Amino acid sequence: MPVVTLREILKNAGRGKYAVGMFDVHHSDMAEAVLEAAEERKAPVILALAEVHAVQPGQLTAVGSMLVRAAERAGVPAAVHLDHAVSVETAVRAMELGFSSVMYDGSALSLEENLENTAKTVRLAGAFGASVEAELGHVGGEEGNSDGSGGSVYTKPEDAAYFAEMTGADALAVSIGTVHGRYREKPNLNIPLLEEIHRRVSIPLVLHGGSGLSDQDFKDCIAGGISKINIYTEIAEAARMVLIEDAGSLGYFDLMQKSKRAMRAVAAEKIKLFGSQGKAPALSEPGTPPQETGE
Ligand code: 13P
């Protein structure tokens, strides 16, 4: 089935009170693990490649093209997304490869620079029919980094409304207390802040730093207006633990197979928690109703 845009894949999430899972992957076993989990759960899914995971020459092309082909073969609606592009040029290269969605991450820039670059990415994406996710405020931490906390700047609701309108972005990542990577302390999410942003912003809201949150955190975030949840660390950790525990007894092929099964189990569990299980058929049918906006 054709690769789906972010706008399309998120269009029923707000009204349906579920979130679509986005999983960062950087090789074919990871991608297959996520797609198999989505097919098992009959769920729409977003396969993502982060710019930090495509630093070798040719890696964006090789992994990106593989993801586009894998999403096309999937039995559920799948978007292919570039996560955390810090340059507009990389976002354009990804769209040339067939990514249906890019995140331009200007969250470390001033509001004005972030707005200008995001709006430029949105204009360029129009030619590809691709969607754009933006970030306002800053979600701290680093993916896969055990020292994951710190450096966050919470999203200001009044800026968020202005930013969303001026950039024309399709989705907005918000900073409400999550961090990328492992949490040093129990996460303390600011749900009233999320609700306030949701009241003011009409495009779907995105939660980064999903690994390490509790089932209740996910429920509160989805009820508060989150339509897309990003996961990387927990998937990567599941694979890493298999390598640590079984490297002495299994050969390389069996290790890879076992780590793939472990990643698939994590993705399947998250999809169930996000409430997107069984939501694929509605999206696969033509003529589904238009996207819901924030109340
Ligand atoms: P985690 O690595 O904390 O799951 O965060 C993933 C993420 O937000 C990718 O953008």
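Procedures and definitions
Residues numbered from 1 in each chain as written. Predicted model: local features only at pLDDT ≥ 70, side-chain atom pairs only at ≥ 80, totals over all residues. Heavy atoms only, no water. Axes fitted to C-alpha atoms, helices over the stretch in contact; angles between N-to-C directions. Helix = DSSP H or I, 4+ residues; strand = E, 2+ residues; numbered from the N terminus. Parallel < 35°, antiparallel > 145°, perpendicular 65-115°, else oblique. Left-handed = near helix turned anticlockwise from the far one by under 90°. Contact = heavy atoms within 4.5 Å. Nonpolar A, V, L, I, M, F, W, Y, C, P; charged D, E, K, R; others polar. Core = buried A, V, L, I, M, F, W, Y, C linked by side-chain atoms within 4.5 Å. Buried < 20%, exposed > 50% of the residue type's maximum accessible area, 1.4 Å probe, protein only. Pairing = 2+ DSSP bridges.

*Asks:* Tell me about the packing of helix H4 (residues 59-73) against helix H5 (residues 88-97), and name the residues and values.
*Replies:* Closest axis-to-axis distance for the H4/H5 pair is 9 Å, and the angle between their directions is 45 degrees. As summarised for this structure, H4 and H5 are arranged oblique, according to the angle between their axes. The element H4 and its partner H5 pack so that their crossing is right-handed. Seen from H4, the contacting residues are Leu60, Thr61, Ser65 and Val68; seen from H5, they are Thr90, Arg93, Ala94 and Leu97. Here the residues of the contact of H4 with H5 are counted per class, giving four nonpolar, three polar and one charged.

*Asks:* I'd like a description of the nonpolar core, backed by residues and values.
*Replies:* Within the largest apolar cluster, 75 residues are counted, with the highest numbers of intra-cluster contacts made by Leu172 and Ile235. By residue number, the principal contributor to this core is helix H3 (residues 28-41), which donates seven residues. Filtering out sequence-adjacent residues up to four positions away, Ile235 remains in contact with Phe23, Met30, Val34, Met263, Val266 and Ala267.

*Asks:* Give a description of the environment of Leu193 that names residues and reports values.
*Replies:* Mapped onto the fold, Leu193 is located in helix H8 (residues 191-200). The class of Leu193 is buried, set by a relative accessible area of 12%. Filtering out sequence-adjacent residues up to four positions away, Leu193 remains in contact with Tyr154, Thr155, Pro157, Ser175 and Ile176.

*Asks:* Can you explain the sheet that holds strand S6 (residues 171-174)? Please cite residues and give values.
*Replies:* Judged by pairing direction, the barrel is parallel, and its eight strands sit side by side in the order S1-S2-S3-S4-S5-S6-S7-S8 before closing back on the first. Neighbouring strand axes in the sheet, compared pairwise and without regard to direction, differ in orientation by 25 degrees on average. Alignment of strand S1 (residues 20-24) against strand S2 (residues 45-50), held across three bridges, turns out to be parallel. Paired with Asp24 across the bridge in S2 is Ala48. On the sheet, helix H6 (residues 111-128) packs against strand S4 (101-104) and strand S5 (131-136) and is oriented at approximately 175 degrees with respect to S5. The sheet contacts of H8 involve S6, strand S7 (205-207) and strand S8 (226-231), and relative to S7 the element is tilted by about 155 degrees.

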